[in-house]
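This is what each chain is made of:
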Amino acid sequence: MTGRWRDLAWAGAGLLVLLLVPLFGAPPAIRDFIMFGMAYGLLAMSLNLLIGYSGLVSFGHAMFFASGAYAFGLAMQSGKFSIPAAFALAIVFTAVLALIVGAICVRLNEIYFAFLTLAFQMLFYNVILGWVSFTGGDQGLMGGIPRPKFLGIDLADRTQLYIFCSVAFIVCIAILRQLVTSPFGYTLRLIRDNQERAAFLGVNVPLVKLTCFVISACVAAVGGILLTLFVSGAYPNFGFWTTSGEAIFMILLGGSNVFLGPLVGTVILRLLNDITVTYTSHTELVLGIVILILVLGLRKGPLDLIAERLENRRQAAAQAVRDAADAGANGTGKGGS
Amino acid sequence: MSSIDSRRTGRRQLLKGAGALATAGIIGTPAIVKGQSGAIKIGVPTILSGRVAVLGQTSVGGLKVVFDKVNEAGGINGRKIELVVRDSKGAPQEAAKVTRDLINNDGCQIIIDAEASSGAFAVQEVIREIGVLCIHSNSETSSLTADPKLHVPTAFRTARQGIHDAIGGGDYAAKVAKAKGLKKWATCSPDYAYGRSNTAEFMEYAKHFDGNIQVVEESWPKLFQPDYTEVVTKVLNAKADAMYSALWGGDLVAFIDQANLYGLFDKQASFMVNLGDYGVVDQVKQFPQGVYSGGRYNRTVPPTKENEEWYQNYVKTQKHKPTNWSWENDVAAQMVVEALKKTNGDTNGKKLAEVIKGMTIKTQFGVGGSVTMRAEDNTLVNYIIGYGLSLSKEPFIADFQTSPWEPIYELEKQWKKKQGYA
């Protein structure tokens, strides 16, 4: 089985597991947790396409999460769009927004890129806050998001909404996976590791970065749409810097060097949040301690650590085989001499 | 005593949730729907962390005062009331999720939404879908219940409403303005929806009652702004006769402390709707004297024995002073208790909503000793609205004048028509 087909098989298996959850009669709270996690998971996974694969540390990624949420919510509240049309519109809007922001930002490196993305995010956030008649200002999109039926699918039904979110989530993850394992993905790593070398090899570095930036924004927008459907509203803090910070935490918690690391980080962060909030209001303190332990103790995300250990073990095994072969060869040689 | 945030329950849920997760073969939150137990569980999404944590603390205090008393007297038909409080950290999406979890995970049959406004709108959408009884006890944003598009049959509000305060306050301000010749006004309010709409409505009704009033300067400091020097200077430079401010909480405390350095309150008349609350009084270094303060909560308003007893009991049991949010939640709790008594403990959302609609309860927080849940738009009316003059020491407010409700009802109708709500 080729890598692509193997990945698609994994995606199918993942979708199957997600779809089995309601069949097993899981309580609504578990479905809610998964839907919430899928929305934030897409935000973190898409951000890792920039941070982990391209070396572009964006502090403003939540802007696209919010743009997807607001574009979708406003389109649905206008009553002029079906859900698929509003979905597509939100992605196109975010892509155009990312194209404009990315065209300005991707030529900058490191801290300059990070802060310019942060500045654009705060600009976008303030537009949401200030344009009260259109966005509802700090109250957000009030009155709920209408969910008219389409193709016989009724997203007002929580189970159907869960299935819809699961499919959208798996499709996005599969696209990201195909992207990072494609020549384009390897070009991103090349740029991350040595931008000058990539340019000397004939890679149009700004164009590749911009493409990555736009794709990543579109996936974040899907996350925003899923959250909008879940909470039946869109709120300014979807696009606040703390949401971008949360996504970076998720990447830190899970690991940036393994494809599903940010997703694991999302699950850890959400679990920590949901458990600690049951016992204490000092959630941030608990999260801070956990992050400190991970950063100072493990110095990498758990998946990164596991991947590294597996790689070390694999290399040790390979070395052992080579040593054995050498020893055998030497023994044979000795015997033969 | 009403138990809060039961630790044992959480642990059981964790174990049950782990079992459910193992079945599903995935990782998930500690969750399982609990069966109907003896206790009536009431979920409270609120803010318990960050700069407005006092909102959650004093809201829960208001609820506990009522529910503890009910539980000590044997509960509702022998069933105790159990509060389950969760921190949303002020994020609307968390408020929505926490509310869903309280209902689906913790088995709460009733929600008392002690969120700030943006969270309240998120909670409203959850209630629209699930249909349990919900009482918004803190959100003052008028549209939550005034806008028919947002109406949810099982959702009510016991919090004061912005438009009521604006009409009552505007009336009072106009009387003072006429008496003292205050024509030129400056405003200084937080730059977000509440600050802008509250200020616009207050000034609109002040002008309605006194046509000579004009606004000559507007300042819009950012929410949670640490330094107000520029704003204070701007207000002083306007040389206005009076200033209106809708600043609140920590922002108001910071503003007063910095304005005192410039003697702002000696140079003009000042009207501050959120000043006379213990949350502010106790935090300000030098509480200003002679500022016109809106009625939030004060032990002398109304100056009755019942109010003083309620205050003393609150401080004794909760170990902190009550705020405006405390009385709003006290009323929410009382309405829930009365409704449960009438349904014989049945927690069905529709049945509870039917009995709460139009319900009048006796309370010292109402004009003439009662408040009513207006059936027309599921919002509380006849609570005490008014203004008084601030004092730098106990009781911190004097000459409190209660606004009559008749003009408020009349002008509210016109306001609703203007907004397209009626």
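All of these numbers come straight from a predicted model, not from anything done at the bench. (Residues numbered from 1 in each chain as written. Chains lettered and ligands numbered in written order. Predicted model: local features only at pLDDT ≥ 70, side-chain atom pairs only at ≥ 80, totals over all residues.)

## Overview of the overall build of chain B
Argument step 1. Looking only at helices and strands, chain B has 15 helices and 15 strands in total.
Argument step 2. In terms of C-alpha radius of gyration, chain B reaches 22 Å, essentially the compact-globule figure of 22 Å for 422 residues.
Argument step 3. Across its three principal directions, the C-alpha atoms of chain B cover 70 × 45 × 40 Å.
Argument step 4. The buried share of chain B, reckoned over its 422 residues, is 57%. (Helix = DSSP H or I, 4+ residues; strand = E, 2+ residues; numbered from the N terminus. Rg over C-alpha atoms; globule rule 2.2 N^0.38 Å. Buried ≥ 20, exposed ≤ 12 C-beta atoms within 10 Å, placed from the backbone.)

## As for the overall build of chain A
Argument step 1. Helix and strand content of chain A: 14 helices and zero strands.
Argument step 2. Seen in sequence order, chain A has helices and strands lined up from the N terminus as α-α-α-α-α-α-α-α-α-α-α-α-α-α.
Argument step 3. For 337 residues, the compact-globule estimate of 2.2 N^0.38 gives 20 Å, and the C-alpha radius of gyration of chain A, at 22 Å, lies within 12% of that figure.
Argument step 4. Residue burial in chain A is summarised as follows: out of 337 residues, 46% are buried.

## Some remarks on the confidence of the model for chain B
Residue and element names in this part refer to chain B.
Argument step 1. Averaged over chain B, the pLDDT score is 89; the fraction of residues at 70 or greater is 91%.
Argument step 2. The low-confidence segment residues 1–36, where pLDDT is below 50, has 67 contacts with residues more than four positions distant or belonging to other chains.
Argument step 3. Scored by ipTM, the complex comes to 0.79, with pTM at 0.84. (pLDDT = per-residue confidence, 0-100. Contact = placed C-beta atoms within 7 Å.)

## Comments concerning the interface of chain A and chain B
Argument step 1. Listed as interface residues are 39 residues of chain A and, on the opposing side, 39 residues of chain B.
Argument step 2. Elements supplying a minimum of two residues to the side of chain A that touches chain B: helix 1 (3–23), helix 2 (28–54), helix 10 (205–231), helix 12 (261–279) and helix 13 (283–298) of chain A.
Argument step 3. When its residues are assigned to classes, the side of chain A that touches chain B shows 23 nonpolar, twelve polar and four charged. (Nonpolar A, V, L, I, M, F, W, Y, C, P; charged D, E, K, R; others polar.)

## Focus: the sheet that holds strand 14 (residues 386–390) of chain B
All names here are of chain B.
Argument step 1. The sheet built from seven strands is open, its strands ordered 7-6-8-9-10-14-15 with mixed pairing. For this open sheet the edge positions go to strand 7 (214–219) and strand 15 (397–402), each flanked by a neighbour on one side alone. Along the sheet, successive strands turn relative to each other by an average axial angle of 20°, direction set aside.
Argument step 2. With five bridges joining them, strand 6 (residues 184–188) and strand 7 adopt parallel strand pairing. Across the sheet, residue Lys184 finds its bridge partner in strand 7, namely Gln214.
Argument step 3. In this fold helix 6 (residues 162–180) packs onto strand 8 (242–245), strand 9 (269–272), strand 10 (292–294), strand 14 and strand 15, with an angle of close to 50° to the strand it touches most, strand 14.
Argument step 4. Against the sheet, helix 8 (residues 229–237) contacts strand 6, strand 7 and strand 8, and its axis sits at roughly 160° relative to strand 7. (Pairing = 2+ DSSP bridges. Axes fitted to C-alpha atoms, helices over the stretch in contact; angles between N-to-C directions.)

## Re the domain arrangement of chain B
A common way to state how big an interface is: give the accessible area lost once the parts meet.
Residues and elements named next belong to chain B.
Argument step 1. Here the domain parsing of chain B yields domain 1 (7–160 + 306–354) and domain 2 (163–300 + 384–419).
Argument step 2. Measuring from the centre of the C-alpha atoms in domain 1 to the corresponding centre in domain 2 gives 31 Å.
Argument step 3. Listed by partner, the interface residues are 17 residues for domain 1 and 15 residues for domain 2.
Argument step 4. When contributions to the side of domain 1 that touches domain 2 are tallied by element, the ones reaching two or more residues are helix 12 (305–318) and helix 13 (324–342). (Domains from an automatic or database assignment.)

## Some remarks on the nonpolar core
Argument step 1. Ranked by internal contacts, the top residues of the largest apolar core, which has 214 residues, are Leu42 and Leu226 of chain A together with Ile112 and Val336 of chain B.
Argument step 2. Ranked by residue count, the leading element in this core is helix 2 of chain A, at 18 residues.
Argument step 3. Judged by nonpolar contacts, the second largest core, of six residues, contains Leu48, Val54, Ala116 and Trp325 of chain B. (Core = buried A, V, L, I, M, F, W, Y, C linked by C-beta atoms within 7 Å.)

## Quick notes on the domain arrangement of chain A
Argument step 1. Considered domain by domain, chain A is made up of domain 1 (3–239) and domain 2 (306–337).
Argument step 2. Taking only C-alpha atoms into account, the centre of domain 1 of chain A sits 46 Å from that of domain 2 of chain A.

## Quick word on the environment of Thr99 of chain B
Residues and elements named next belong to chain B.
Argument step 1. The topology assignment puts Thr99 in helix 3 (residues 92–104).
Argument step 2. For Thr99, a count of 30 C-beta atoms within 10 Å gives the class buried.
Argument step 3. In this structure, Thr99 is in contact with Gly43, Pro45, Ile111, Val123 and Val126, ignoring residues within four places of it in sequence.

## Digging into the environment of Thr276 of chain A
Argument step 1. With respect to the element layout, Thr276 of chain A can be found in helix 12.
Argument step 2. Residues Thr276 of chain A and Arg309 of chain A, spaced 33 residues apart in sequence, show a C-alpha to C-alpha distance of 30 Å.

## Description of the packing of helix 2 of chain A against helix 11 (residues 241–254) of chain A
Residues and elements named next belong to chain A.
Argument step 1. One can describe the packing of helix 2 onto helix 11 by two numbers: an axis separation of 9 Å at closest approach and a directional angle of 75°. The angle between helix 2 and helix 11 falls in the class roughly perpendicular. Side by side, helix 2 and helix 11 meet where Tyr40, Leu43, Ala44, Leu47, Asn48, Ile51 and Gly52 of the first sit next to Ala247, Met250 and Ile251 of the second.
Argument step 2. Here the contact of helix 2 with helix 11 is built from residues that sort into eight nonpolar, two polar and no charged. (Parallel < 35°, antiparallel > 145°, perpendicular 65-115°, else oblique.)

## A closer look at helix 10 of chain A
Residues and elements named next belong to chain A.
Argument step 1. In this model, helix 10 (27 residues) spans 39 Å end to end at C-alpha, consistent with the 39 Å of a helix rising 1.5 Å per residue.
Argument step 2. For helix 10, the buried fraction is high: 20 of the 27 residues fall into the buried class.
Argument step 3. Trailing helix 10 by a residue or two, Ser232 shows a phi angle of about 55°, which is positive. (Expected span 1.5 Å × (residues − 1).)

## Focus on the pairing of strand 9 of chain B
Residue and element names in this part refer to chain B.
Argument step 1. Two strands pair when backbone bridges link them, and strand 8 and strand 9 are joined in this way by four bridges, in the parallel orientation. Bridging from a neighbouring strand, Tyr244 pairs with Phe271 of strand 9.
Argument step 2. Strand direction decides the pairing type here: strand 9 and strand 10, joined by two bridges, are parallel. Across the sheet, residue Met272 finds its bridge partner in strand 10, namely Ser293.

## Thoughts on unusual backbone geometry
Residues and elements named next belong to chain B.
Argument step 1. Following Val301, the chain continues into Pro302 via a peptide bond in cis, with omega recorded as -5°.
Argument step 2. For Pro302, the location among the structural elements is in the loop between strand 10 and helix 12.
Argument step 3. In the segment running from Glu394 into Pro395, the intervening peptide bond is cis, with an omega of 5°.
Argument step 4. Position of Pro395 among the secondary structure elements: in the loop between strand 14 and strand 15.
Argument step 5. Its identity as a non-glycine residue notwithstanding, Asn77 has a phi of 50°, on the positive side.
Argument step 6. Summarising the element assignment, Asn77 is placed in the loop between helix 2 (53–72) and strand 2 (81–87).
Argument step 7. The phi torsion at Asn378 lies on the positive side, around 55°, for a residue other than glycine.
Argument step 8. Turning to its location among the elements, Asn378 is positioned in the loop between strand 12 (370–374) and strand 13 (379–381).

## Examining the pairing of strand 3 (residues 110–113) of chain B
All names here are of chain B.
Argument step 1. Burial of strand 3 is two-sided: the residues Ile110 and Ile112 facing one way and the residues Ile111 and Asp113 facing the other way are all buried.
Argument step 2. Pairing of strand 1 (residues 40–46) with strand 3 involves two bridges; the strand directions are parallel. If you follow Ile42 over to strand 3, its bridge partner there is Ile110.
Argument step 3. Across four bridges, the pairing between strand 3 and strand 4 (residues 133–136) is parallel. What sits directly across from Ile112, in strand 4, is Ile135.

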